[in-house]
Structure formats: C-alpha cells, structure tokens
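# Structure at a glance
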Amino acid sequence: METTNKQDIQGKRLIEVDFPLKQTSLDSVHEKNVRHGHISTLHIWPARRPLAASRAALITTLLPDPGNDEERKIMMEKLAGRIVEHVKKKKLPNGSVEEQVTVETEGGILHWGRESGADLQWFRDKIREAYGGRAPRVLDPFAGGGAIPLEAMRLGCEVTAVDINPVAWFILKCTLEYPQRLANQLRPLPAFACESREFMESYFKAKGFKGAALEVQLSALGLKKEQVNQPQLTGIQTNVVSVEADLAWHVRAWGWWMLQRAKADLNRYYPTVDGKPTVAYLWARTVTCKNCRATVPLLKTRWLCKKENKRVVLTMEPNADRTGVVFGVQNDAPSLVKGSSAQKREYDKKLAGGTMSRSGVTCPCCSTIMTMEDIRSESVAGRTGTVVTAVVVDGDVGKEYRRPTEEELIMATEAEKDLSKVYAEIPFGMPVEPLPGKEALGFRVPLYGFDQWYKLFIPRQLLALGTFVKYTRAVREAMQKHWYSQEWIEAVSNYISCVIGKMLDYENTGTSWYTQNEQITHLFNRFALPIKWDFAEASPIGGASGSWDSMMNSVTKSVDTAVALPNKMIRPQILLKSAISSHLKNVDVMVTDPPYYDAIPYSDMMDFFYVWLRRTLKGLSPEIDAAFQEPLSPKWDHEQNDGELIDDSSRFGGDKQKSKANYEDGMARVFQTCYQSLNPDGRLVIVFAHKHPDAWETLVSALIRAGFVVDGSWPIQTEMGNRTRALSSAALASSVWLVCKKRPENARPGWDNLVLEEMQENIIQSLRNFWDAGIRGPDFVWAATGPALEAYSRHPIVRKANEPGKTMSVTEFLGHVRRMVADFVVGRVLTQNGGTDTVSGLDDVTTYYLLHRYNFGMESAPIGPCILYAVSCNLSDSLLLGKYDLLVRTGGQSKDEEEEIEEGSEGGGEGVEEAEGTSSTVKLKAWSQRKYAGLELAGMSTPLIDKVHRLMHLWRAGDQVKVDEYLDMHGLGYNTLFGQLLQALIELAAAGSEERALLESISNHVADRSGIQTNRLSWVD
Ligand SMILES: C[S@@+](CC[C@H](N)C(=O)[O-])C[C@H]1O[C@@H](n2cnc3c(N)ncnc32)[C@H](O)[C@@H]1O
C-alpha cells in the first residue's frame, strides 16, 4: 500500500538547509541564451522562469534534508554539478590578446541539455521514496508559461497548473498536456508529405541522413532526384510508402501543407524582383508639415545597415516641388577613419540622422519642427500615413538594399481590397476589439489614436495573417479526412496556432530593422507597446526571419524537445481559474511565481495574441470555445472581487492607493487559499522580485498572517540584463525564492526581545555558512532573510515586551536582521576577513559606504541593491544622494522619458538594445569630489567616512597642523574603528592610486602620533 513516509517529509527539506545557489544562477542565466528548442520559443509569455531554477527549487523542496554534510554534498553535486573556470584568450581589435575567465557548471542536471542525465531518474526515485512510493501533488496557482509545472512533471509529480489567462492556459496545454498525451506516439505522415521531395528531404536530413544514404531513403519513397516533384495539394494518395513520425513532424507536415496554400494566395503581394527573394520592406510613418504641407517621413535613423564592413544609408532629398522627399540607397557609405569614438558617433549621426529628435520631427523641405505633441494630435486625428522607404532582399553575397519598384508600391497597398473577403471566412472577422486606454501600464500607442487591435498592423500584414488563420482553421477538416483522432487534431492545430502567435510578434508595426545584424526585431522584446515611427515588415512567405518557415522551425524545435520528455509522466490538470478561488486539496508542494505589483500587465499585453487565438481556435473543442468566449481576457471583476492580480490604477479610476491595496488584498487571499490547499507537512515556495523592500515586506506580512512560517530564502539570478519592461520600475533581474511551511494552529504569540535573541542565535551560523560558500553582495542579505524570519514567523504575532498592546512589524524585525547582516559584512571587511562576526558602533553612513564600496567599488551599481543596503543601514537612497552626498546618479530615466526617447530618439535608434531602455544606476562619489565632507554641520553628527575624507583633503593640502587639530578634535587617534576603517579603505583603494597613498600616509601619521603620545603618557606616569 502507498503511504506517506512521515519520517522523511516531516523534518527539514533540503532547501531549508542548503541550495546550489551559484550553479542554479549560472545555469538559469545561461538558459536565457538558449534560442532553439526551449519551451519559451513555443509562444511568447512574459516573465518565464528558467527551467533550471524551477527544477532546482522543486527537487530541494520535495526532498528531505539528509541531516549530514556528507550526504547533502553528494546530493548537491548530483543536482547542480560543480563550478569550473575556463580561461579563454581573446584577440582585441588593437591586436593584443586578452585572457577572459568564464565560469560554468560541469555535471548535474540543471544545465540546459543535461536535464535528462542519468541522475534525473535517481531524483525521481528519491522523490517517490520520500512520499512513501506515491507521486507528490504539486500545484502552481500562477503557472503562466508553465516552467514550474513542466519541471514538476519531469520529476514524476502529479501536477496542477492554474492560470487566469486563457492565453497562458492555451500555452500550458501545449507545454504540458499534449506532450504528455502524445509524446510516445508515432503515426504515418500524411501522403502529401511523403510525396514531397522537399519535405521528406528535410525529414531525413533531420534524422541524420545525408549524401547517398539520403538518396536511398528518398528513392524508397519514389522520390528520385531527377523527378520534378510538385506538391500535391488536393486528394489523398494511398499508394505511397508510409513513414511513421512523431507529433513534431506532423505539425511540420501540416504547417507545410498550409504554406503551399497561403503562398498560392499571397504570392502576388510579395513580388520577387530580379530573382532575389524579399526579406523585408522598411516603412516610415508620415505627417504633413504644419508649415509647408510637405509629406514628412518620421525616421529615427537613415541607417539601413551599420556594420564594420558594410555601411548602407537611406538617402533623402526634398523632391522637385518640395511636396515631399525622394529616397535613395547609398551603399559603401563613408566613415570617419581617424577620430575618437565620440567624433565617429557624431559623424555617423550627421551622415544618416533621421528626421526625428527629442524635440520632434524636422521637415526636410522647410526645416520647420513639429513637436511630439503636434505629431500626437495629427496621429489621433488620423492624418498620418505610411511610406515604403526601402526593400531588403537576399542578394548573391548577403542582404541587399534597394528602393521599391512601382509594382511593389502598388502591392503594398493593394492588399486592403482583399481584406473583407479573407475576414468573411474567419469567426469574429477583423480583430476590432478595443485596445486598453492610454492610462494602462506600458501602453503608449493609445496616445497616438490606436484604439483597436487591428490598427497595430498595416493592411498587407492583416491580409497575410488572415490568410494563415484561415488555413490553420482548414487544417482540422483536412486532418479528419486523413483519419487523425480528435486528440491529434487538437494538438496539431494548437501548435500551428503557436506559429500564428510567433508570426504576429513579427508581422506588426511595432517591429524594427536591426541594422547591426540585418534582421527584423520582434515586438515583445520587452513587455510594452510603444509607438514605432519606422518599422519593418517581414515577407511571411519567404524564408528569412519573421517568415512562416522560420516561425514554424522555431515552434517545432520546441515540440521536438517536448516530445523527448521522460516516459511515464502523469497527466497534468490544467485549470483556467483565479488563484484566489482555486480551492484544491491535499497539495504536497506549491512552487509559484505570482504577478508582482505593476511589473507586467499580462492580460492587457497578451490580448494582442488573445484576439487572434480566439479566431484561430474557434470550434476546435467546446473547452477551447469556453475559454475564449469573451472578446478579451479577464481583467479585474469589481463585482466578484476577483480577477487578474496586478497593480494597475487604470482599473481603479486612476486611484493608485486603491489599486495597490487591491493587489495586496488579492495576494493575501491567495495565500489563505494556498494555506488551505496545502497538506500539514507541505511547503510553499514563492518567487518575489525584490526591488522595493517595503512592497516585499507587505507580501511577507500577508504570508505570515495567512498562517505560514517563512524559513528560507534564496536569491536566484534568473535574467541577463535589461530585458523586461521598465526594469527601472521593478527589477526582475534576480528574484528571491521564499520557502514557507504551515504554522501549527496552536502557535502562540511571541515577544520581541525573545524573538530577536532567537533570531541572532539561529542566524549567525547561517551567515558564516553563506559567507564561506562565497555568497556576497545583496544576495547575502537575501539569503539571510528567510532563515532569520523563521524566529519571527513561528508566532502568529510578535508583541513588544516594553510597549503593552503594541506588536513588532515585519519591517521592524527585518530592520534588525538587515542591520545584523550589514554589521557582519562590515565586520569581515574591517578585519579583512579576520573572523569578527559583527562589528558594532560604526555609524550608518559609514556602514553603507563600506558595504557599497566592498561590493561595487567605485563603479556604477544598479539602484535595487543600493536601496536594500540603504534600508539595512536605516537610510534611504534619497538621503544618500542628497543630504549625505555620498552617491551620485549615473544612469536611468523615468519610464516616460525612456519611452519618449523610444518614440523620437536622436538618430540612435537602430538596434534592439536601444529599445530596451536603461535602469537606474548610482555610484559612490570619489573622496576628492566630497569637498565639504567632514565639516561640522549643525544638527548632524559627522559620519566616520566623512571624517576620513576631510582628513584626506587636509593632508593633500599639506596642512599637518590642521590634520592634527582635526584628529584631536574628534579623538580619532585612539579610535579603534577609525584605525580599522583606514586599513579597510587602503585595501579597497586601487593600488598606486592617490587615494591609497593619502590613506597610507594618514594611517602612518596616526600610528606615529599615537606612538609619541604613548611615550609621553608613559613619561607622565
Ligand atoms: C510571473 S507570471 C508566471 C510565469 C511563470 N512562472 C512562467 O515561468 O512562465 C504570473 C502569472 O500569474 C497570472 N495571474 C495573474 N493573476 C492571476 C490570478 N488571479 N489567478 C491566477 N493567475 C493569475 C498571470 O496571468 C501570469 O501568467
């Protein structure tokens, strides 16, 4: 009989004791680079968690801690392998060779491609064993793109994945359900595929056949080389040899079937000129000049290609009657050979600057400037137009650029005439559903009058999309004729709909031409909808990026990965529900990654796909029709007090406080639901972004109120850089995975003094362990937070012993924790790792300075960790930037500024990176810039670091009398902390720097003086 082995899962879990933090972070960040075959390439979904991090969190939560270092070490290595360093030699442009050290993991099952290593089965067995031979039940109530449930399935768990959004639900079916149901099945490829040499050649090549062996395979199907093979578009042939293939190949076959039909319909709209296939059409929006009435193209740049060895520029001159411009293409654009990089940049900007700048657009005919406000009102009034500026084609040696032909110009607009015919065959017709309003998070296009989803496309894109949607819908009927089961029809149709989703991401007016790698960029490289003045249109029936072929390739590679998942996975339960009201029972482990305040407006953004999926999938199954029955995906239902949990004040009439409170209340209700769903010995692991400590603390308070004890926290780095929407508003680069267990119902209130004592006793060993494991920086603070919180959250409330009737808040408690952690780090820094665990008596500002200097040196640092350090020292970033004059801002703008630049940047907008925006950064002010540091200010005690900086100024001025006066006035000669601080600063200063020399001189001087004074004192004695 299967029973739960209470012994095993009642004690601590592995994650509550140890976690392979560095390896998981390394493998998670690496995974973000994986472009082929990853589940994220199936369909866009925001904020996907890496599989590596999800797998590591699940395994360490499901498995008990073995209770001894040796076994734990073995488990960690099986899971995450070891970190190894590689030294690579890189030749620099100036000819010198530089050594670059890279670190990566070796072994383990976290790294992409190693997930099915032999040790996976070892973990699967261990997990079952821990649960008395049964599969543990795992729930993710905010499942999104499905990383966490997929990993739980891989580990042999019984999985429930919940998400409120129908697009996420659809992705979950594709990621979890169809692979589980059909992964191990093969069935004969349809006859039309077996009859096509082109298709079968790609099939056999993928199976590793080449040369003569390939020909043998093709001949066996009657597909000899000399045979001119026209694809059979109608009828079913039965006289061909059948080829058994898996799900991914059936998707490819039907995708190919569709493409032949779509090509037949669309070919004339994408004429091929001079036998060179079209890659993309480059467009610009236009306005009429308010002064001379000329048609003005809105161009951020006129660079078409800007590479080291290839420089192509779009030329632009006023036309003869100055009613507009004449474009041309200049190959081999000159470059500035000599000069600084700033001069080169300036030269390039002049050579190929666009018409747009921060101030607006400059008319090329009369030089009048129309402001952004002018452009906005023209756009809202529908008085803007579009023009094709250039065509990119595949030439003999790479991409070529040319002006469009007459025929191409006609065909670019001709498509409009056929739209009604195509959309008459599609349920719900054209996607006329409304776009969110201009107040919605991340949406800038409504400011320019874009108020319906279809308006984000030009007519030819709508025609192409409509045509592909029509044939996706036709696939199901054709498959029935080929005797596929309903299960196969649904799976194949849904994967093909993913291809439509991919195509949508490329076939819209929010894309750009990336001049550095000559490719079209996609819309959702960040989760915002800004306006694009000049955009690129891919040819969907060609073979370049953005085409059906390339999208099909990307989706089916992901299906290849899905069908290679382990055998014997348990069928998952996928629920389209709100986490607030998902009352499930007997859950063993929940690992989940909830929406975080205003970080990402999921449903508003993903309605971009919803409206098209609704049309593509209609009629496929009653379940799918029910999921997509509403015109748009669910937002917040005020009547039901339930819905999507994001902090978006536009849903609350612009009331920011109401919106924040609603989000926090909703999350609190979800935590209560989680508590009820979880088994008594269960664990909840919840992922939070952590930029704003106060917001974070509100969520932790809600967890504790819901009945959870927080007893672990691991800050896993999961993102590479600035690739999410407005990182400056909520950093998601790293996230904290918080481990919680249920508090016994009979837990009693605690007392603040006892709780703090217990916390200090518990945490000191953890701090030493984290330090010895090489965890540093903000991660060190976060790693300590969970274990520290255990002492606090073991009690439903913590009362203040000296203030009757008052309780200690999470914020107050964490204030103590962070200060203790800061003192620990500073203790290590002051003693150069000499072993002191904490240091007391150092003022807040100097503590901050040391923390910052130790972790970031004098370089720019992201604001997030700096805020964390500041609050750890009872300070704030604004105090450090202002009153204390310790920090200086080095980068980052407000969200609005970022987007205005997006809309009208000064000629720089030719790359993906440019679209990413920058996040806020700060750096320490150099001592030499702090001229007034250390001067007595009324009502302010002088931080020790300021005293050091004052002394440095005095010493440099050569004024020893003043130095001595200052030392004496502040009693610094006998101040041990001052001596330690000087020593630490010497270590931190760059060798050979003036800073170091001054500090050393002062240190020697102080030592000499104290020697003299000691003698004098002994003489007095
Ligand atoms: C951070 S994402 C999850 C991403 C996921 N872990 C992944 O790897 O793709 C948060 C998810 O919560 C969903 N969500 C928001 N409000 C919800 C609610 N009330 N109930 C269930 N899901 C909700 C969003 O649709 C979104 O998919």
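Summarised in this report is the structure supplied together with it. (Residues numbered from 1 in each chain as written. Predicted model: local features only at pLDDT ≥ 70, side-chain atom pairs only at ≥ 80, totals over all residues. Heavy atoms only, no water.)

## A word on the packing of aromatic side chains
- Evaluated as defined, the whole model comprises 41 aromatic pairs.
- Aromatic pair Trp45 and Tyr602: ring centres 6.2 Å apart, planes at 20°, arrangement stacked. Of this pair, Trp45 sits in the loop between helix 2 (21-31) and helix 3 (51-62) while Tyr602 sits in helix 19 (residues 602-617); the two residues are 557 residues apart in sequence, bridging distant segments of the chain.
- The buried category is assigned to Tyr602, whose relative accessible area is 15%.
- For the ring pair Tyr597 and Tyr663, a centre distance of 4.5 Å and an interplane angle of 45° mean the geometry is tilted. Residue Tyr597 is located in the loop between strand 21 (587-592) and helix 19, and its partner Tyr663 is located in helix 21 (residues 656-677); the two are separated by 66 residues in the primary sequence. Across the pair, exposure class does not vary: Tyr597 and Tyr663 are buried alike.
- Chaining the aromatic ring pairs together yields one cluster made of Phe192, Phe199, Tyr203, Phe204, Phe209, Trp249, Trp254, Trp256, Trp257, Tyr484 and Trp488.
- Just above the ring of Trp249 sits the side chain of Arg252; from NZ or CZ to the centre is 4.3 Å.
- Residue placement shows Arg614 over the ring face of Phe428; its charged tip is 3.7 Å from the ring centre. (Phe/Tyr/Trp six-rings, centres within 6.5 Å; stacked < 30°, edge-to-face > 60°. Helix = DSSP H or I, 4+ residues; strand = E, 2+ residues; numbered from the N terminus. Buried < 20%, exposed > 50% of the residue type's maximum accessible area, 1.4 Å probe, protein only. Lys NZ or Arg CZ within 6 Å of the ring centre and 35° of its normal.)

## Observations regarding the site of the ligand
- Close to the ligand lie 24 residues, the nearest being Arg49, Gly145, Asp163, Ala579 and Gly643.
- Interatomic distance of 2.8 Å between a backbone N/O atom of Gly145 and an oxygen atom of the ligand.
- Ala579 is positioned such that a nitrogen or oxygen atom in its backbone is 2.7 Å from a nitrogen atom of the ligand.
- Relative to its free-state accessible area of 600 Å², the ligand is covered by the protein chains to the extent of 100%.
- Taken together, the residues of the shell around the ligand sort by class into 12 nonpolar, 6 polar and 6 charged. (Near = heavy atom within 4 Å. Polar contact = N/O pair within 3.5 Å; in protein donor to acceptor, adjacent residues only side chain to side chain. Areas by Shrake-Rupley, 256 points an atom, 1.4 Å probe, with all protein chains shown as cover. Nonpolar A, V, L, I, M, F, W, Y, C, P; charged D, E, K, R; others polar.)

## What to know about the environment of His43
- By secondary structure assignment, the location of His43 is in the loop between helix 2 and helix 3.
- For His43, a relative accessible area of 1% puts it in the buried group.
- With 512 residues separating them along the chain, His43 and Val555 place their C-alpha atoms 7.8 Å apart.
- Excluding its chain neighbours within four sequence positions, the residues that come into contact with His43 are Arg48, Val167, Phe170, Ile171, Cys498, Gly501, Phe609 and Leu613. (Contact = heavy atoms within 4.5 Å.)

## Some remarks on the side chain of Thr592
- Assignment of secondary structure puts Thr592 in strand 21.
- Only 3.3 Å separates the side chain of Thr592 from the backbone nitrogen of Phe142, close enough to count as a polar contact.
- Beyond its immediate sequence surroundings of up to four residues, Thr592 is in contact with Asp140, Pro141, Phe142, Ile148, Leu684, Val685, Ile686 and Val687.

## Overview of unusual backbone geometry
- The phi angle at Asp332 is positive, at roughly 50°, despite the residue not being glycine.
- For Asp332, a relative accessible area of 69% gives the class exposed.

## A short note on the packing of helix 11 (residues 247-266) against helix 17 (residues 486-506)
- It is at 9 Å that the axes of helix 11 and helix 17 come closest, and there the two elements cross at 65°. In this structure, the crossing between helix 11 and helix 17 has a hand that is right-handed. In contact with Leu247, His250, Val251, Trp254, Gly255 and Met258 of helix 11, helix 17 contributes Trp488, Ala491, Val492, Tyr495 and Ile496.
- Split into classes, the residues belonging to the contact of helix 11 with helix 17 amount to 9 nonpolar, 2 polar and no charged. (Axes fitted to C-alpha atoms, helices over the stretch in contact; angles between N-to-C directions. Left-handed = near helix turned anticlockwise from the far one by under 90°.)

## Description of the side chain of His795
- Among the secondary structure elements, His795 is positioned in the loop between helix 24 (778-793) and strand 28 (798-799).
- Overall, the relative accessible area of 14% leaves His795 in the buried class.
- In this structure the side chain of His795 is engaged in a polar contact, spanning 2.8 Å, whose partner is the backbone oxygen of Arg748.
- Polar side-chain contacts of His795 include one of 3.5 Å to the backbone nitrogen of Gly750.

## Describing the sheet that holds strand 12 (residues 356-357)
- Read across the sheet, 3 strands follow the order 12-13-14 without closing on themselves; strand pairing throughout is antiparallel. In the strand order of this sheet, the two ends are held by strand 12 and strand 14 (369-371), each with one partner.
- Pairing of strand 13 (residues 360-362) with strand 14 involves 3 bridges; the strand directions are antiparallel. Paired with Val361 across the two strands is Met370, which belongs to strand 14.
- Packed on one face of the sheet, helix 13 (residues 372-380) meets strand 12, strand 13 and strand 14 and runs near 70° to strand 14. (Pairing = 2+ DSSP bridges.)

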